[in-house]
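Tertiary structure, described
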Amino acid sequence: QVQLSFKIEQEEIVAIDEESFQEYVTYHVFLLISLDRIPTLPGCFLMIKSCPMEHETILSDVRRIVHSLEQTTTLKSIFLVADTSKQDGFLRQYTSVDMHAYTTA
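Keep in mind that this is a model prediction, so the values were computed, not measured.

Here is what the cut-offs are and how they apply
- Residues numbered from 1 in each chain as written.
- Predicted model: local features only at pLDDT ≥ 70, side-chain atom pairs only at ≥ 80, totals over all residues.
- Heavy atoms only, no water.
- Helix = DSSP H or I, 4+ residues; strand = E, 2+ residues; numbered from the N terminus.
- Buried < 20%, exposed > 50% of the residue type's maximum accessible area, 1.4 Å probe, protein only.
- Contact = heavy atoms within 4.5 Å.
- Areas by Shrake-Rupley, 256 points an atom, 1.4 Å probe, with all protein chains shown as cover.
- Core = buried A, V, L, I, M, F, W, Y, C linked by side-chain atoms within 4.5 Å.
- Pairing = 2+ DSSP bridges.
- Right-handed = clockwise from strand over helix to strand, strands pointing away.

**Looking at the overall build of the chain**
Within the chain one finds 2 helices and 4 strands. Expressed as a percentage of its 105 residues, the buried residues of the chain come to 13%. For the chain, the proportion of contacts with a sequence separation of at least 24, taken over those separated by at least 6, is 62%. For the chain, the computed accessible surface area is about 8300 Å², with 50% contributed by carbon and sulfur atoms.

Right, dumping it as structure tokens:
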């Protein structure tokens, strides 16, 4: 069994509206960096980002994604990133947020 150590670094890319010079979108880029030298093993790492708006479907969505990908590749590790920085006012909000249901899922 191999113990893996990682750190996550975040970079932000901000887009500026050319007419008003206002920020209109910020992209968050997360870099997963291995801290250990490990032997090269077949497969890949999977990172799934979710938000509290997905409280009703997150468990089935993760299972479906993992099962689908495991048909064709070996997954070394699976990371579920919970973005709880926003709980209302989503750009395409399709349901209400239930933080308790999300954290128990």
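**Let's talk about the environment of Glu-70**
Turning to its location among the elements, Glu-70 is positioned in helix H1 (residues 58-70). Classification of Glu-70 as partly exposed rests on a relative accessible area of 45%. Considered as a pair, Glu-70 and Gly-43 are 27 residues apart in the sequence and their alpha carbons are 9.7 Å apart.

**Remarks on unusual backbone geometry**
At Phe-21, a residue that is not glycine, the phi angle is positive and equals roughly 60 degrees. Looking at where Phe-21 falls in the secondary structure, it is placed in the loop between strand E1 (6-16) and strand E2 (23-34).

**Quick notes on the environment of Val-29**
Among the secondary structure elements, Val-29 is positioned in strand E2. You can call Val-29 partly exposed: its relative accessible area is 28%. For the pair Val-29 and Glu-11, spaced 18 residues apart in sequence, the C-alpha to C-alpha distance is 5.0 Å. Setting aside residues no more than four positions away along its own chain, Val-29 makes contact with Glu-9, Gln-10, Glu-11 and Ile-13.

**Observations concerning the side chain of Ser-50**
Relative to the assigned elements, Ser-50 resides in strand E3 (residues 44-50). Contacts of Ser-50, omitting those with residues within four sequence positions, involve Ile-58, Leu-80, Val-81, Ala-82, Asp-83 and Tyr-102.

**What about the nonpolar core?**
Judged by nonpolar contacts, Leu-46, Ile-48, Ile-58, Val-62, Val-66 and Leu-75 together constitute the single largest core of 6 residues. Among the elements of the structure, E3 and H1 are those that each provide at least two residues to this core. It is H1 that provides the largest number of residues to this core, a total of 3 residues.

**Focus: the pairing of E3**
As judged from the 7 bridges shared by E3 and strand E4 (residues 75-82), these two strands associate in the parallel manner. In the sheet register, Phe-45 faces E4, and the bridge partner there is Ser-77. Regarding topology, H1 serves as the crossover connection from E3 to the parallel E4, and that connection is right-handed.

Just distances and angles here, no functional claims.
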